[in-house]
Amino acid sequence: HEVTSRRWLWTTIVNMSVGNMLLASFLVLAPVICRQRYGGAPAYAGISIAWALGMLVGGSVLLRYRPRFLLRAGFYAFLPALIPGILLGVHAPIYLVGVFQFVSGMGATVMNALWWTAMQQNVPANAISRVSSYDWAGTLAVMPIGYALVGPLTDAIGISAAIITCSAAATLVTAIGLLVPDIRLLAAKPEGHPETHDAQLA
């Protein structure tokens, strides 16, 4: 009930679940493309490092920047995270993939931080652990489905087409999330707000 009674909550969980299932294609196919087109492990290591550095910068940005609308900002920040798969699929220069992997890492951290902030501020303290279990189950439990399906999809349409298709679909899914008014309009509570304090105690 705590999940289904909040449209912004359950729609975001569904959105991230589908998006994560589609983005599983990157983790499967990006190493293969790097081996075939960019010289192997050093290329994949480079874009992985760029992603990690982006995460550090994204977390640092949020120490100062506090958006008014939490999930709106999070969804917008996450959209560029879907570009690296498309770039790999069209065999763009590896440095360009690395740049967008950096942006991707920033967006992933910003989205996750604002998502958890939204839950902490709007879900009662005595329900936060149960609500977060639905979140984890929904957003991560479906990823093995993505891992399983990317193989047959690749056999059917090819490696490049598969990673482009899945990345583009994930972009569309994320954009659709912004059409939900409850997601766009969920406002951050001010510092010192009683509900914010109570939730943080959890």
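Before reading on, note that the structure itself is shown above.
Below, the structure is looked at part by part. All of these numbers come straight from a predicted model, not from anything done at the bench.

1. As for the pattern of salt bridges
Counted according to the given criterion, the structure contains 2 salt bridges. Residue R6 is joined to E2 by a salt bridge in which the shortest nitrogen-to-oxygen separation is 2.7 Å. Residue R6 is classed as buried on the basis of its relative accessible area, which comes to 17%. For E2, a relative accessible area of 24% translates into the label partly exposed.

2. Some thoughts on the nonpolar core
Among the nonpolar cores identified, the biggest contains 32 residues, and W8, L9, L71, W115, M119 and V123 are the most heavily contacted of them. Looking at this core, the elements that each hand over two or more residues are α1 (7-37), α3 (70-78), α5 (94-122), α6 (128-140) and α8 (159-177). For this core, the element with the most residues is α5, which contributes 7 residues. Beyond its immediate stretch of four places on either side in the chain, W8 contacts L71, W115, A118, M119, N122, V123, D182, I183 and L186. F26, L29, A43 and I163 belong to the second largest nonpolar core, which has 15 residues in total.

3. So, α6
Given a rise of 1.5 Å per residue, 13 residues ought to cover 18 Å, and the 18 Å separating the end C-alpha atoms of α6 matches this to within 8%. Among the residues of α6, those classed as buried are I128, V131, S132, D135, G138 and T139. All buried residues of α6 lie within an arc of 125° about the axis, which places them on one face of the element. Exposed and facing more than 90 degrees away from the buried side of α6 are S129 and Y134.

4. Regarding the environment of V14
Within the secondary structure layout, V14 lies in helix α1. What makes V14 partly exposed here is its relative accessible area of 44%.

Definitions and cut-offs
Residues numbered from 1 in each chain as written. Predicted model: local features only at pLDDT ≥ 70, side-chain atom pairs only at ≥ 80, totals over all residues. Heavy atoms only, no water. Salt bridge = Lys/Arg side-chain N within 4 Å of Asp/Glu carboxyl O. Buried < 20%, exposed > 50% of the residue type's maximum accessible area, 1.4 Å probe, protein only. Core = buried A, V, L, I, M, F, W, Y, C linked by side-chain atoms within 4.5 Å. Helix = DSSP H or I, 4+ residues; strand = E, 2+ residues; numbered from the N terminus. Contact = heavy atoms within 4.5 Å. Expected span 1.5 Å × (residues − 1). Arc of directions from axis to C-beta.

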